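Letter by letter, the chains look like this.
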Amino acid sequence: MSFMGNMAGQKALAAHGKGDYKKALPLYEEAFQKGMDKPRLLRGYSVLLIRMSQFDKALEVLKKMEQSPKLDAKEKADLHVNYAIILWKKGHLDRAMEI
């Protein structure tokens, strides 16, 4: 667990929740570099990346989220939905529908 990464992630999530994506993105990037590992924060970061069409980075974040031992059933479902959205946006509708 990265205390500093998760603290920075909390700030990013707060900015994201207020719709301040320009402020949230660098905060999420800093948090991710510092080892942010809470699934809720990683999910928020992946959603913002998807909204900004940064699909490859979003996949990287989702892969880290998937490895979390703290992942509950709802977070697993959210992860699969976000993964399917990325596949769809990248033109792989058939694969997205399989998820």
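One numbering rule holds for all chains: residues counted from 1, following each sequence as written. The predicted origin of the model limits local features to residues at a pLDDT of at least 70 and limits the giving and counting of side-chain atom pairs to 80 or more, whereas totals for whole chains, interfaces and linings rest on all residues. As a convention, hydrogens and water are excluded, and side-chain values are obtained from all of the structure's heavy atoms.

Engineer: Would you mind showing me how to read the overall build of the protein here?
Structural biologist: Secondary structure is summarised from DSSP: a helix means a run of H or I of at least four residues, a strand means a run of E of at least two, and numbering begins at the N terminus for each. From N to C terminus, the protein includes 6 helices and 0 strands. Written out in order from the N terminus, the α and β elements of the protein read α-α-α-α-α-α. Relative to the globule expectation of 13 Å for 99 residues, the C-alpha radius of gyration of the protein, 13 Å, shows essentially globular dimensions. Exposure is judged per residue with a 1.4 Å probe applied to protein chains only, and the accessible area is read against the type maximum: over 50% gives exposed, under 20% gives buried, and values in between give partly exposed. The buried share among the 99 residues of the protein stands at 41%. Residue contacts follow a heavy-atom distance rule, with two residues in contact if any of their heavy atoms lie within 4.5 Å. In the protein, 53% of the contacts between residues at least 6 apart in sequence involve partners at least 24 apart. Here the radius of gyration uses the C-alpha set of atoms, whereas the globule reference equals 2.2 Å times the residue count to the power 0.38.

Engineer: Looking at this structure, how should I read the packing of helix H1 (residues 3-17) against helix H2 (residues 21-33)?
Structural biologist: When two helices pack together, their arrangement is given by the angle between the helix axes and by the axis-to-axis distance. Two elements in contact, H1 and H2, have axes whose closest approach is 8 Å; the angle formed by their N-to-C orientations is 165°. As judged from the angle between their axes, H1 and H2 are roughly antiparallel. Pair H1 / H2 crosses with left-handed handedness. In this structure, H1 uses Gly5, Ala8, Gly9, Lys11, Ala12, Leu13, Ala15 and His16 to contact H2, whose residues at the interface are Tyr21, Lys23, Ala24, Leu27, Tyr28, Glu30 and Ala31. Under the convention adopted here, Pro, Cys and the residues Ala, Val, Leu, Ile, Met, Phe, Trp and Tyr are nonpolar, Asp, Glu, Lys and Arg are charged, and Gly plus all remaining residues are polar. Taken together, the residues of the contact of H1 with H2 break down into 9 nonpolar, 3 polar and 3 charged. Fitting a line to C-alpha atoms yields each axis, with helices limited to the stretch in contact; the angle taken between N-to-C directions then spans 0 to 180 degrees. Roughly parallel covers angles under 35 degrees, roughly antiparallel covers those over 145, roughly perpendicular covers 65 to 115, and oblique covers all other angles. Crossing handedness follows the turn of the near helix against the far one: under a right angle anticlockwise gives a left-handed crossing, and clockwise gives a right-handed one.

Engineer: Is there a simple way to think about the nonpolar core in this case?
Structural biologist: In globular proteins that are soluble, nonpolar side chains generally tend to be buried together. What is meant by a nonpolar core is a set of buried Ala, Val, Leu, Ile, Met, Phe, Trp, Tyr and Cys residues, joined one to another through side-chain atoms within 4.5 Å. Membership of the largest hydrophobic core comes to 25 residues, with the highest contact counts inside it found for Tyr28, Met36, Tyr45 and Ile86. Ignoring sequence-local partners within four residues, the contact set of Tyr28 consists of Gly9, Ala12, Leu13, His16, Met36, Leu41, Gly44, Tyr45 and Leu48.

Engineer: Help me out: how do you make sense of a nonpolar patch on the surface in this one?
Structural biologist: Patch criteria: residues need more than 30% relative accessible area and no salt bridge. Like-charged residues are merged within 9 Å; nonpolar side chains of Val, Leu, Ile, Met, Phe, Trp and Tyr are merged within 5 Å. Note that accessible areas follow from Shrake-Rupley with a 1.4 Å probe, and for residues the cover is restricted to the protein chains shown. Any carboxyl oxygen of Asp or Glu that lies within 4 Å of a side-chain nitrogen of Lys or Arg is treated as forming a salt bridge with it. A surface patch of nonpolar side chains, about 340 Å² in accessible area, is lined by Phe3, Met4 and Met7. Looking at where Met4 falls in the secondary structure, it is placed in helix H1.

Engineer: I keep staring at the environment of Leu62 and nothing clicks. Help me out?
Structural biologist: One can find Leu62 in helix H4 (residues 55-66). Distance in space between the C-alpha atoms of Leu62 and Val47 is 9.7 Å, their sequence separation being 15 residues.

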